[in-house]
Amino acid sequence: MAGYESERVQRLQSLMRELGLNVLLSRLPENVVYLTETWPHHGISVAVLPDNGRPTLFIPEVEMEWGNKEWADVVPFGWALLKDQDLYTSYRQLLGEVANKLGLKKAKVGVEQALEVVGTTYRHAEPIIPAAPWAAMLGDVFSGAKLVDITDLMQSAKLIKSAYDLGRLRVANEIAHMGASKFLQKLEPGMREVEISALIEGTIRAAGAGYKGARLVFAEAEVASGPVNTAKANLLIPSTDRVIEEGDLVMVEMATVMDGYYSDLTYMAVAGPPNDRQREVHNAVLAAQQAGAAQMRPGNSYADPDNAARQVLVDAGLGEQFVHVTGHGLGFRFHESEPFLMPGAAGTLVEGIVSSIEPGVYIEGFGGIRIEDDVAVGKDGPVFLSTPRQPW
């Protein structure tokens, strides 16, 4: 299906017309993915969406083979080689042509201005983020136009995932589960936290590429072990060189990205058989997670999944140890700005919203246990995009 005919792009164009926006310009990777189904490598691609018609993607020649021509008109430009002109010279030419072609001298042009939290590029070691030079150039090229921030617009569009989006997120979660399965198979006393991290990340990258059409895959796995590290893992601490001992709790926080679609999961295990207390706490957290997920229904409030999960842990005597939110939106980045499933949260769940469901408890001297899955609001109730866990 062509991009301009897709459910999500049509929905965005409808929102643009409601706001009187004539065109939208995007460089943020998560928005480029949304508009063109192309995940930028370096972060200098530009997606252009008019209020009617097909998107255009300006992409560096070195990334041309990755541009999705089914979703957008893909136009290459030179960059990074001796033959190529300055990047901003190219931007001025390309966007100047857009302004002339679309007659945008007196138009309303949507641009990205709020950049505090963004999804990364594929080359995540050095992501490129548009800032002051980009803003100044836009002001020159569209000197007669009104530049309007599109942060809220894009969030409104991305909040509701289409059937296509949910399918892609399911593949991302299936790839993540490959790494988790390897961790559960290989965990044993004597391994270091960083060793497990490398095992998971390597498995996901090696097994994920090519799986159900996946092209670009990377992962980050942070491992906490033992009573001290897992007890403070609500802070998402990095993996260390700590050696795992017999009977240790081991928590893995996994971030997996497949072609710009994000999975966010937490898995638990014990290095050896779990003891009675570990089993008791784990199963209470799992019950809380399942209770929270059960509230992912159209018409419920953002607070309902949190209330349900929190009540289970209160009843188990663990309420005070549950110190964070039950879940957060995700899909085109790890933490989207809506929804947040927390006490008193405003907002109503509708079909297509995706959130993590991740209650956890953190007990000094014992350790921490968190269980996290990615769950969509379906027409008739919750839809797990990841693999639900089992009791110990």
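What comes next is a walk through the structure. (Residues numbered from 1 in each chain as written. Predicted model: local features only at pLDDT ≥ 70, side-chain atom pairs only at ≥ 80, totals over all residues. Heavy atoms only, no water.)

## Some remarks on the overall build of the protein
Looking only at helices and strands, the protein has 10 helices and 16 strands in total. Since a compact globule built from 392 residues should have a radius of gyration of about 21 Å, the 22 Å found for the protein is in line with a globular shape. Over its C-alpha atoms, taken along the principal directions, the protein stretches across nearly 70 × 50 × 35 Å. The buried share among the 392 residues of the protein stands at 55%. (Helix = DSSP H or I, 4+ residues; strand = E, 2+ residues; numbered from the N terminus. Rg over C-alpha atoms; globule rule 2.2 N^0.38 Å. Buried < 20%, exposed > 50% of the residue type's maximum accessible area, 1.4 Å probe, protein only.)

## Digging into the sheet that holds strand E8 (residues 249-258)
Taken in spatial order, the three strands make up an open sheet running E7-E8-E9, and their pairing is antiparallel. Two strands in the sheet have a free side with no partner beyond their single neighbour: strand E7 (217-225) and strand E9 (261-270). Across the sheet, the axes of successive neighbouring strands diverge by a mean angle of 15°, strand direction being ignored. Looking at chain direction, E8 and E9 are connected through 10 bridges and run antiparallel. Bridge pairing links Val257 to Tyr262 in E9. (Pairing = 2+ DSSP bridges. Axes fitted to C-alpha atoms, helices over the stretch in contact; angles between N-to-C directions.)

## A closer look at helix H3 (residues 87-102)
Here H3 is 16 residues long and its end C-alpha atoms lie 23 Å apart, about the 22 Å a rise of 1.5 Å per residue gives. Buried within H3 are the following residues: Leu87, Ser90, Tyr91, Leu94, Leu95, Gly96, Val98 and Ala99. Looking at the packing, one finds that the buried side of H3 touches strand E1 (23-26), strand E2 (46-50), strand E3 (56-60), strand E4 (73-77) and helix H4 (132-141). With a side-chain oxygen lying 2.9 Å from the backbone nitrogen of Tyr88, the N-terminal cap of H3 falls on Asp86. Phi turns positive, to about 60°, at Gly103, one or two residues after H3. (Expected span 1.5 Å × (residues − 1). Contact = heavy atoms within 4.5 Å. Polar contact = N/O pair within 3.5 Å; in protein donor to acceptor, adjacent residues only side chain to side chain.)

## Structural notes on the sheet that holds E2
If you trace the six strands from one edge of the open sheet to the other, you get E4-E3-E2-E1-E5-E6, paired in mixed fashion. A single partner strand is all that each edge strand has here, and the edge strands are E4 and strand E6 (146-149). Going from strand to strand, the sheet's axes swing by 25° on average, the running direction of each strand aside. Where E3 and E4 come together, five bridges link them in parallel fashion. Residue pairing in the sheet places Thr56 in a bridge with Asp73 of E4.

## Brief notes about the pattern of salt bridges
Here the structure, examined in full by the defined rule, presents 19 salt bridges. Put simply, Asp248 and Arg242 hold a salt bridge, and the shortest N to O gap is 2.9 Å. Salt bridges linked by common partners bring Arg8, Glu37, Asp165, Arg168 and Asp259 together as one network. (Salt bridge = Lys/Arg side-chain N within 4 Å of Asp/Glu carboxyl O.)

## Digging into the nonpolar core
By size, the foremost hydrophobic cluster in this structure holds 35 residues, and its most contacted members are Leu12, Met16, Leu24, Tyr34, Leu35, Leu49 and Leu153. For this core, the secondary structure elements donating two or more residues are helix H1 (7-19), helix H2 (29-36), E2, E3, helix H5 (151-159), E8 and E9. Apart from residues lying up to four places away in sequence, Leu24 is in contact with Leu12, Met16, Leu35, Ala47, Val48, Leu49, Gly110, Ile150, Leu153 and Met154. (Core = buried A, V, L, I, M, F, W, Y, C linked by side-chain atoms within 4.5 Å.)

## What to know about the environment of Ile44
Looking at where Ile44 falls in the secondary structure, it is placed in the loop between H2 and E2. With 347 residues separating them along the chain, Ile44 and Pro391 place their C-alpha atoms 46 Å apart. Setting aside residues up to four positions removed in sequence, Ile44 forms contacts with Arg27, Pro60, Phe77, Trp79, Leu87, Tyr91 and Ile128.

## What about the pairing of strand E14 (residues 367-370)?
Covered by surrounding structure in E14 are Gly367 and Ile369 together with Gly368 and Arg370, the residues of both alternating faces. In this antiparallel pair of consecutive strands, strand E13 (residues 360-363) and E14, the connection spans three residues, and Gly365 shows a positive phi of 85°.

## What about helix H7 (residues 193-208)?
The end-to-end C-alpha distance of H7, which contains 16 residues, comes to 22 Å, matching closely the 22 Å that a straight helix rising 1.5 Å per residue would cover. Directly beyond the C-terminal end of H7, a positive phi value near 95° is found at Gly210.

## Examining unusual backbone geometry
Among all residues save glycine, negative phi is the norm, and among peptide bonds the norm is trans. Of note, the amide linkage connecting Glu338 to Pro339 takes the cis form, showing an omega dihedral of -5°. Relative to the elements of secondary structure, Pro339 occurs in the loop between strand E10 (327-328) and strand E11 (340-341). Notably, Glu37 is not glycine yet its phi reads approximately 55°, a positive angle. You can see Glu37 is positioned in the loop between H2 and E2. For Leu236, which is not glycine, the phi dihedral falls at a positive 55°. Within the secondary structure layout, Leu236 lies in the loop between helix H8 (226-231) and E8. On the basis of relative accessible area, Leu236 is assigned to the partly exposed category, the value being 46%.

## Considering the packing of aromatic side chains
Counting across every chain of the model gives nine aromatic pairs. Following the ring pairs from residue to residue traces out a cluster consisting of Phe77, Tyr88, Tyr91 and Trp134. One Lys or Arg, Arg277, reaches over the ring of Phe366 and ends 5.8 Å from the middle of that ring. Over the ring of Phe322 we find Arg310, and its NZ or CZ is 3.9 Å from the ring centre. (Phe/Tyr/Trp six-rings, centres within 6.5 Å; stacked < 30°, edge-to-face > 60°. Lys NZ or Arg CZ within 6 Å of the ring centre and 35° of its normal.)

## A look at the packing of H3 against H4
It is at 10 Å that the axes of H3 and H4 come closest, and there the two elements cross at 40°. The two elements H3 and H4 meet at a crossing, and its hand is right-handed. Where H3 abuts H4, its residues Tyr88, Tyr91, Arg92, Leu95, Gly96 and Ala99 lie against Pro133, Trp134, Met137, Leu138, Asp140 and Val141. Of the residues that constitute the contact of H3 with H4, the class distribution is nine nonpolar, one polar and two charged. (Left-handed = near helix turned anticlockwise from the far one by under 90°. Nonpolar A, V, L, I, M, F, W, Y, C, P; charged D, E, K, R; others polar.)

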